[in-house]
Amino acid sequence: MVFAHDTENSLLAAVDLVNAEEPPSTMTTVADLEAFYARHGYTGRLDRTTHELARVRALAPRLRGLLLADRDHAPGLVNELLAQEHAIPRLVRHAGQDWHLHAVAADAPLDTRIVVETAMAMIDVVRADEHSRLAVCADADCDGLVLDLSRNRSRRYCSVACTNRNAQAALRARRAGAAAG
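K.L.:
Could you give an account of a nonpolar patch on the surface, naming the residues involved and the relevant values?
P.N.:
On the surface, a nonpolar cluster with roughly 330 Å² of combined accessible area is contributed by L91, W99 and L101. Tracing the sequence through the fold places L101 in strand β2 (residues 97-102). When its relative accessible area of 40% is taken as the criterion, L101 is described as partly exposed.

K.L.:
Explain the environment of L147 to me, and be specific about the residues and the numbers.
P.N.:
Along the polypeptide, L147 turns up in strand β4 (residues 145-147). On the basis of relative accessibility, which here comes to 3%, the residue L147 falls in the buried class. Sequence spacing of L147 and R133 is 14 residues, and the spatial spacing of their C-alpha atoms is 5.6 Å. Each residue touching L147, except ones within four places of it in the same chain, is listed here: E8, L11, L12, V15, R133, L134 and R155.

K.L.:
Explain the environment of R153 to me, and be specific about the residues and the numbers.
P.N.:
If you trace the backbone, R153 turns up in the loop between β4 and α7 (160-180). A C-alpha to C-alpha distance of 8.7 Å links R153 and S132, two positions 21 residues apart in sequence. Among all residues touching R153, those that are not within four sequence positions of it are E130, S132, R133 and D148. Side chain to side chain, R153 and E130 meet in a polar contact 2.6 Å long.

K.L.:
Please give an account of the pattern of salt bridges that cites residues and values.
P.N.:
Per the stated rule, a full pass over the model turns up 11 salt bridges. Two residues, R45 and D47, come together in a salt bridge whose shortest N-O distance is 2.9 Å. Classification of D47 by relative accessible area gives partly exposed; the value is 35%. D98 serves as the salt-bridge partner of R93, at 4.0 Å between the closest nitrogen and oxygen. Each member of the pair R93 and D98 is classed as exposed. Taken together, the shared-partner salt bridges in this structure form one network comprising E130, R133 and R153.

K.L.:
With reference to specific residues and values, describe the packing of helix α5 (residues 74-84) against helix α6 (residues 110-128).
P.N.:
One can describe the packing of α5 onto α6 by two numbers: an axis separation of 9 Å at closest approach and a directional angle of 150°. Overall, the two elements α5 and α6 adopt an arrangement that is roughly antiparallel. Seen along the crossing, α5 lies across α6 with a hand that is left-handed. Mapping the contact onto sequence places A74, P75, V78, L81 and L82 in α5 and V115, V116, A119, M120, M122, I123 and V126 in α6. When the residues that make up the contact of α5 with α6 are grouped by side-chain class, the tally is 12 nonpolar, no polar and no charged.

K.L.:
Residues and numbers for helix α1 (residues 5-20), please.
P.N.:
Helix length check: α1, at 16 residues, gives a terminal C-alpha distance of 22 Å against a target of 22 Å (1.5 Å per residue), a fit within 8%. When we look at burial in α1, the residues that qualify are T7, E8, S10, L11, A13, A14, V15, L17, V18, N19 and A20.

K.L.:
Got a sec to walk through the layout of surface pockets? Specific residues and values, please.
P.N.:
Of the pockets and cavities examined, the largest pocket occupies roughly 460 Å³. As for the largest pocket, its lining consists of 25 residues, and the residues nearest its centre are D16, N19, A20, T26 and C158. Among the elements of the structure, α1, α2 (30-39) and β4 are those that each provide at least two residues to the lining of the largest pocket. By residue number, the principal contributor to the lining of the largest pocket is α1, which donates five residues. Residue composition of the lining of the largest pocket, grouped by class: 14 nonpolar, four polar and seven charged. The space that makes up the second largest pocket amounts to roughly 380 Å³. Surrounding the second largest pocket, 26 residues form its lining, D6, S10, H100, L101 and E117 being those nearest its centre.

Criteria and thresholds
- Position numbers for residues start from 1 in each chain and track the written sequence from start to end.
- It should be noted that, the model being predicted, local features are given only for residues of pLDDT at least 70 and side-chain atom pairs only at 80 or more, the latter also being counted only at that level, while totals for whole chains, interfaces and linings use all residues.
- Calculated side-chain values reflect all of the structure's heavy atoms, with hydrogen atoms and water omitted.
- Two distance rules govern patches: like charges are joined within 9 Å, and nonpolar side chains (Val, Leu, Ile, Met, Phe, Trp, Tyr) within 5 Å, applied only to residues with over 30% relative accessible area and no salt bridge.
- Residue burial considers only the protein chains on display, and all accessible areas are found by Shrake-Rupley using a 1.4 Å probe.
- Each reported salt bridge corresponds to a side-chain nitrogen of Lys or Arg within 4 Å of a carboxyl oxygen of Asp or Glu.
- In this description a helix means any DSSP run of H or I spanning at least four residues, a strand means any run of E spanning at least two, and both kinds are numbered starting from the N terminus.
- Classification of residues uses two cut-offs on accessible area relative to the type maximum, computed with a 1.4 Å probe and protein chains only: under 20% is buried, over 50% is exposed, and between them is partly exposed.
- Contact definition: two residues touch when any of their heavy atoms are within 4.5 Å.
- Two N or O atoms form a polar contact when they lie within 3.5 Å of each other; inside protein one atom must be a possible hydrogen donor and the other a possible acceptor, and for residues adjacent in sequence the pair counts only when both atoms belong to side chains.
- Lines fitted to the C-alpha atoms define the axes, with helices restricted to the stretch that makes contact. Angles between their N-to-C directions range from 0 to 180 degrees.
- Any angle between 65 and 115 degrees counts as roughly perpendicular, while under 35 counts as roughly parallel, over 145 as roughly antiparallel, and the rest as oblique.
- Here is the rule for handedness: rotate from the far helix to the near one, and if that takes an anticlockwise turn smaller than a right angle the crossing is left-handed, while a clockwise turn gives right-handed.
- Only Asp, Glu, Lys and Arg are considered charged in this grouping, and only Ala, Val, Leu, Ile, Met, Phe, Trp, Tyr, Cys and Pro are considered nonpolar; every other residue, Gly among them, is considered polar.
- The span you would expect from a helix comes to 1.5 Å times its residue count less one.
- Within this scheme a cavity is a closed region of a 1 Å grid, computed over the protein atoms alone, that accommodates a 1.4 Å probe without allowing it to escape, whereas a pocket is open but has protein on both sides within 12 Å along at least five of seven lines; lining residues each have an atom within 4 Å of a point.
- Grid points are joined across faces, edges and corners, and a volume is the space filled by probe spheres set on the points.

Right, dumping it as structure tokens:
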């Protein structure tokens, strides 16, 4: 594990949210939001409204900027987000999870919890100087984000679809080169 469990979860959720807004958007219904909430193990308030969905979707550009910020710019963004949301870190334990950090109340709106948890996770990224684990997908036709938690830092694509598309293209290029040679 590269980061603490809660840090990895927050980063994975933020990358998933940013990528969900890449065309074609995959978070367009309240049911999609509920699935996102469950998939990433969020706890606390979930209103299940189109207003909440819109607020969560609106976070994508802001989170993208934070996740791709370099080590010199990320701290300022983190500090700004935490101050705006009046974040007060505290240790909590719940739902089978051992002690971990939360920085907003469980009844805070979901978009607030997402942005604060992402900012808290970025503290660990900055402190560990692990910005290279966050990047844009290596597929030339994709702007999705990649969170590389692999031991050997080998992840280059945001999804299995991009990985497969590029593997097939490489295979076709090798075959064409072999046939021409």
